[in-house]
Structures are given as C-alpha cells and as structure tokens.
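An overview of the molecular structure
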Amino acid sequence: MGLDPRELLIEERLKDVKKVIAVVSPKGGVGKTLISTALALILSRRNLNVGLLDLDITNPTAHLVLGININELSPKEEKGVIPPIVAGIKFMTIAYYSKDEAIPLRGHEIVNVIREILAITIWGILDYLIVDTPPGLSDEVLEILRLARPEVLIVTTPSPLSLKSCERLIRLLKDSQVRIIGLVENMSYDMSAKIIALCNQYSIKYLGKIPYIKDLDNYVSKLEDFIKCKFMEYLKDIVKKITL
Amino acid sequence: MIKGLIILVHEWALAEALIRYVKELSKERGVNRISKLVIKLGILQSIDRNVLEFSIMELAKINDLIIESLVFEDEDAVLRCRTCSYEWSLDVSELNEDVREAVHFVPEVVHTFIKCPKCGSRDFEIVKGRGIAIKEVVFRGS
C-alpha cells in the first residue's frame, strides 16, 4: 500500500479550483507573504472567488497580515473543514490549530501536515487559490508543486544573492515544466536591469517592481489601511500585467 | 449503526480518503466485495469511532462497495524525544479540550503543545498512534 489515501482526496478537494498560484522565492524576507495576501485581496475585489492558503507550516504569518485574531477564528467543520472567509477570501492556515506558537517539525512531518490540510480543506468553487510558501525548495514547495500543480509567481529582491538563487530556482522550475507566471521585484532600488536581463534570458515575464516602502510595517495587521497603502497600488499595476 | 446522523465532522473526510483508496484497489482487482477491512486508529487524533464507521459504511454504499467486516484497531500514541531519546506514551485524555481538538485535525500540532517530560525538548517523533491508516483489505475471493 504505497499510496497515501489522502492524495486521492486532495484531487477531489481541488477539482473546483480553476487556478492555483504558488508564490515562491528561494530566499526568505523578500515579501512573499505580503505579496500573496495582497494578491488574494486584489483578486477578491474583482468579484472573483479567491482562497489563500498559508503553507509556511512552521512559521505561518499570513493571518498577521490580514490582522485576524487567530484565537477567535476557526474553520467550520462540515464533512471536512471549511475555511473562514476573511476580507472576502477563504483563508486557511495551520495557525488555526497551532495558534501563535512555534511548531517545530521535521521534513516528513511537514509533508504529513500539508497532506492533512489539503485533504480536509473544502475550498468549494474558486477562481484562484493563492498559496504562500516558505523560502527555498523545501518540502512545502515540492509538495504543493506535486499535489496541486500550481502556476508559480516568483518574488525576488534585487540583491545579488537573491538573484543568483532565483536563477537556480527558475532553471529547476523550467526543467520540471512548471508554468512561471512571472517575476516580481520587491524592495527595489537600482538593479532592475539585471533582473530584467535574467527574465529575458529565461523567457520569463518581468512583472514590475515594488520599491522599498519604509513605513510598510505600519500597515501590516491593519487590514483597512493595508488595502489602501502604496504597496497595494504597486501590486495592482503588477496584477494587470499578469496573464492569469 | 448511527441513523439520521448529520455528519458535521471531519471523520467523514478521513473516511472519504480511505474509501477512495479502497475503491482504487477494488477497480484494480475487479472485485467490489470486501470480506475484511482493518483500520488502524491512532489515538492521538481522537477519532470518533462510531462516526468514522458510519461514514465508511455510507461512503462504501455510495461507491458500490460491500464491506462485510470492518475492524478497528486502536494504536497508543508513543512519542520519542530526538534530543534525549526518551520514549513515552501520551495520554490524550489528559490534554485540554482545545489542544485535543487541534491535534484531532492536524496531529503534528502536538509539537506545539507537548514537550519531552524528561528534557523539555519539542523535537520529538510520533513513533506510533498518529492517525488513521488502512492496515488490511481482504477482497472476497482474493
């Protein structure tokens, strides 16, 4: 009995999800969670059915961006679990269960959590499921690529280390025939030319840049302010360029 | 048999996973009658056995499967510390209700709430008793 029975159920759970978009980057601290959450908010405001899954299992933070009190919200139990709707988004995170505590897990344990969450979560009909991932090519990313076959949005900062890591990631995703929606440059200052060159080299769409926004942290956890902040405005322009 | 039960619990989802798997095996063999299905129930997940049984049997009917005998085997929760190698049994009934419910949905969150009784580390392994698994499927005539 080699196959995990949950995998068969995951197919069923995702069958009414038109598109899964995984937001990935090889480096941490580049703004994946902010971009994932903002992307979900922007799409949901176009009257689309949107889900957001925080797949950063050992360090979930999307709920903090959304400004929700994790102790006061939990999925509804109905032949599985139905994610609560937050700001128009069906939002699922392990933090409903681990609260705001550390959850130290090894690789195979993370895989177990991902399969469990994907198997029990009933998304229903969605136009988009946005998946926030932890940095790198860890179990979370590999497992979502395998189980949900998402399209991928890459986020990078202009730092040379981030760029080099990005190039490795792009090669790997291309080899694996994963569709790359494009690359977003975050915390931009003056290296766009190198990032654009990287995109051209690998025939990837350069979607644009978001400058470093000094006071961005002031808007995190204050959803109404976050929705109106400059970061969202930049991202709205980027979303216009995305062929979804 | 539980009659008229409104299934509001995630045991139904677990049963769906099990039945889908058994259905696949059934298709491969061309046999829809199962003389014995043995399910291992790790006690960490605090599965409601009656609800799970009801869900499995209902889903079997929907999927045109006949299960003649459904057997549940409990498996105690055993944890082993990766730091000091101490191994201990976890008495799930001693956990508070909120923790038990969280672990019910995602057993790995036990790492959030439990630590090694000897050294305090939360880097431990769930050796046994995590959740549900199919232990044995015997098809009629196989």
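Located above this text is the structure these notes cover.
Residues numbered from 1 in each chain as written. Chains lettered and ligands numbered in written order. Predicted model: local features only at pLDDT ≥ 70, side-chain atom pairs only at ≥ 80, totals over all residues.

So, helix α1 (residues 11-29) of chain B
Think of an α-helix as 3.6 residues a turn; residues three or four steps apart then line up on the same face. Residues and elements named next belong to chain B. Between its first and last C-alpha, α1 extends 27 Å over 19 residues, near the 27 Å set by a 1.5 Å rise per residue. Buried residues of α1: E11, W12, A13, L14, A15, E16, A17, L18, I19, Y21, V22 and S26, and no others. G30 lies just past α1 and shows a positive phi near 70°. (Helix = DSSP H or I, 4+ residues; strand = E, 2+ residues; numbered from the N terminus. Expected span 1.5 Å × (residues − 1). Buried ≥ 20, exposed ≤ 12 C-beta atoms within 10 Å, placed from the backbone.)

Here we look at the nonpolar core
Ranked by internal contacts, the top residues of the largest apolar core, which has 109 residues, are I21, V23, I94, I130 and V131 of chain A together with L18 of chain B. Examining the composition of this core, we find that 9 residues originate from one element, α1 of chain B, more than from any other. Every residue in contact with I21 of chain A, bar those within four places of it in the chain, is listed here: Y128, I130, V131, P150, E151, L153 and I181 of chain A. (Core = buried A, V, L, I, M, F, W, Y, C linked by C-beta atoms within 7 Å. Contact = placed C-beta atoms within 7 Å.)

Looking at the pairing of strand β4 (residues 78-81) of chain B
Residues and elements named next belong to chain B. Residues of β4 alternate between two faces, with L79 and C81 buried on one and V78 and R80 left unburied on the opposite face. Sheet topology note: the β4/strand β5 (residues 87-89) ladder contains 3 bridges and is antiparallel. Considered in β5, the bridge of L79 is made with W88. Taken together, β4 and the strand that follows it, β5, pair antiparallel across an intervening segment of 5 residues, in which S85 is found at a positive phi of about 70°. The sheet contact formed by β4 and strand β6 (residues 124-128) spans 4 bridges and is antiparallel. Within β6, the position partnered with V78 by the bridge is K128. (Pairing = 2+ DSSP bridges.)

In short, shape yes, function no, at least from these values alone.
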